[in-house]
Amino acid sequence: MLTVSNLSVQFGKRVLFDEVNTKFVQGNCYGIIGANGAGKSTFLKILSGKMDPTSGHVHLELGKRMSVLTQDHYAFDNHPVLETVVMGNKELFKIKAEIDALYADYSDENMEKIGEFQVQFEEMDGWNAESNAAAMLSNLGIKEDLHYSSMSELDGKQKVRILLAQALFGNPDVLIMDEPTNDLDFETIAWLENFLANYDNTVIVVSHDRHFLDAVCTHISDIDFGKINHYSGNYTFWYESSQLAAKQRAQRNKKAEDKKKELEEFIRRFSANVAKSKQATSRKKMIEKLNVDEIKPSSRRYPAIIFKAEREAGDQILNVEGLSIATEEEVLFKDIDINLNRGDKVAFISKNSKAVSAFYQIITENKKANSGKFNWGVTTTQSYLPLDNSAYFQDGSLNLIDWLRQYAQTEEEREEVFLRGFLGKMIFSGEEALKKSNVLSGGEKVRCMLSRMMMKRANILLLDEPTNHLDLESIQALNNSLINFKGTILFTTHDHEFAQTVANRIIELTPNGIIDRYASFDEYLADPKVKELRERMYV
Ligand SMILES: Nc1ncnc2c1ncn2[C@@H]1O[C@H](COP(=O)(O)OP(=O)(O)OP(=O)(O)O)[C@@H](O)[C@H]1O
Ligand SMILES: [Mg+2]
């Protein structure tokens, strides 16, 4: 139904796609996976016509409609909520706009045109558009009193739901989504999983979320080496079989190595033998061939993420007293007291993700609390990975070397050689270090932000959802580095494994104070007393 022919994409010397030929078949859900920077978002932009490939074509069957989940949460800020949803069906919205314009300029001639448009409008179930949109919004938890509000008045979590409704509106034949679960809470992710699992039309979705991929995909499309390969089954099935394939390849490789040794032995033994030298030479050629034939390793790489503190912090880390913050609609947290000790690795959690982000913003002085105070120990230094990093990448004139240089601490670190070495370890080698900071993929931006943090050599790390956008290799590298870090960590993550392996203390922020336990994440969740508190403290 959706066909890609001879597609190639190149940025400078970097080849993202090389003569890709592939098809997306009606009714399947394709999970697109691949390393950060492999070209997943670029591929989706090409499918949806937002970007032209270097060469090749994309063809959508005649009469089929495609829709894309917008990632820009501010794109519809000037529109009312309900209208934003209806705009998801572009054609319908266009006809409605034509009719409205013709009515505004009323004449007999226009009356005829209006009639024609109205027939089309009716065929597209236009009269029910608003009520259908309203039903959809209500399903997604957007209450009716918000349907006529302007998008700009809503918070991020609500916007995501509305943009989802927009993408799903009018039942598109192909639905395209790029990392849709990133800004969603568990509840909405579960809703989306359930929705997509029962959705009949074609879905093409990029995600690094294993649970989500397993729940929704009928096929996995792996982007590697400039090609796209479809495998039927969900993510776990793909992962298990690809591990098996890799093992088999490794075994075959071992055999090749054995063979190579055998051959070398053969050459050594017979090279002196003039009578057999001719044979030895031809075997030598075979050895060269064997080298060339070595298996191609996966192009996924692990960044070298290492956090080292310049100096150790003293005993005083962070003291928080009576801190409270509320938005116009809700109390995020109230009257919290926290005392952090050196070496604490605290997972901050809350049923309301805004509460946690607000907490980080307050203690890094990016936001003011309504009341209360906090004090960092004098020997502490902090580095912070915010949830939203867009402000750091607005200046598109900087290449990655210059971008990182902004955060250098010493003369040596300002040197190009140093910066290049640093970037190389974070998998931006050679030419890659010269690209502009505003073309980076989502995961690449996070890798840059982590580099910035590493250069700061702080003894306190604050990380708000660091695994968002990262590929599995980078998540693993980051996970290990936090386990090994000697300082104090305050972090928040949706990744269960990550929380369980890093945290030795859990602090839950609620509208009625905190729940605070020295425990692993699993112990915390299983604790019956905690369960009881959780039930009481959110009301
Ligand atoms: N205009 C451009 N010029 C140069 N390089 C570019 C340009 N646009 C994108 N790139 C590079 O192309 C690569 C692919 O980017 P893309 O956003 O498609 O990656 P992705 O697979 O979606 O990664 P992620 O998992 O991090 O979201 C990246 O390395 C990116 O830096
Ligand atoms: Mg991307």
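Just so it is clear, the structure is predicted and the values come from calculations on it, not from any experiment.

Quick notes on the site of ligand 1
Around ligand 1 there are 19 residues in total, and Gly-37, Ser-41, Thr-42, Ser-441 and Gly-443 lie nearest to it. Listed by contribution, the elements that provide at least two residues to the shell around ligand 1 are α1 (40–47) and α15 (442–456).

Comments concerning the sheet that holds strand β11 (residues 331–340)
With antiparallel pairing, the three strands of this open sheet are ordered in space as β11-β10-β13. The open sheet has two free edges, formed respectively by β11 and β13 (371–376), since each of these has just one partner strand. The average undirected angle you get between the axes of adjacent strands in this sheet is 15°. With five bridges joining them, strand β10 (residues 318–326) and β13 adopt antiparallel strand pairing. In the sheet register, Glu-321 faces β13, and the bridge partner there is Lys-373. Along the sheet face, helix α11 (residues 353–363) touches β10, β11 and β13 and points at about 55° away from the line of β11.

Topic: the sheet that holds strand β4 (residues 55–60)
Spatial strand order, β2-β1-β4: three strands in an open sheet with antiparallel pairing. With one partner strand each, in any of the chains shown, β2 (14–24) and β4 form the two edges of the open sheet. Strand-to-strand twist of the sheet, defined as the mean angle between neighbouring strand axes without regard to direction, takes the value 20°. Two elements, strand β1 (residues 2–11) and β2, share seven bridges in a ladder whose sense is antiparallel. The residue of β2 that forms the bridge with Phe-11 is Arg-14. Here α1 sits on the sheet and contacts β1, β2 and β4; the angle it forms with β1, its principal contact strand, is near 130°.

So, how was this worked out
- Residues numbered from 1 in each chain as written.
- Chains lettered and ligands numbered in written order.
- Predicted model: local features only at pLDDT ≥ 70, side-chain atom pairs only at ≥ 80, totals over all residues.
- Near = placed C-beta within 6 Å.
- Helix = DSSP H or I, 4+ residues; strand = E, 2+ residues; numbered from the N terminus.
- Pairing = 2+ DSSP bridges.
- Axes fitted to C-alpha atoms, helices over the stretch in contact; angles between N-to-C directions.
- Contact = placed C-beta atoms within 7 Å.

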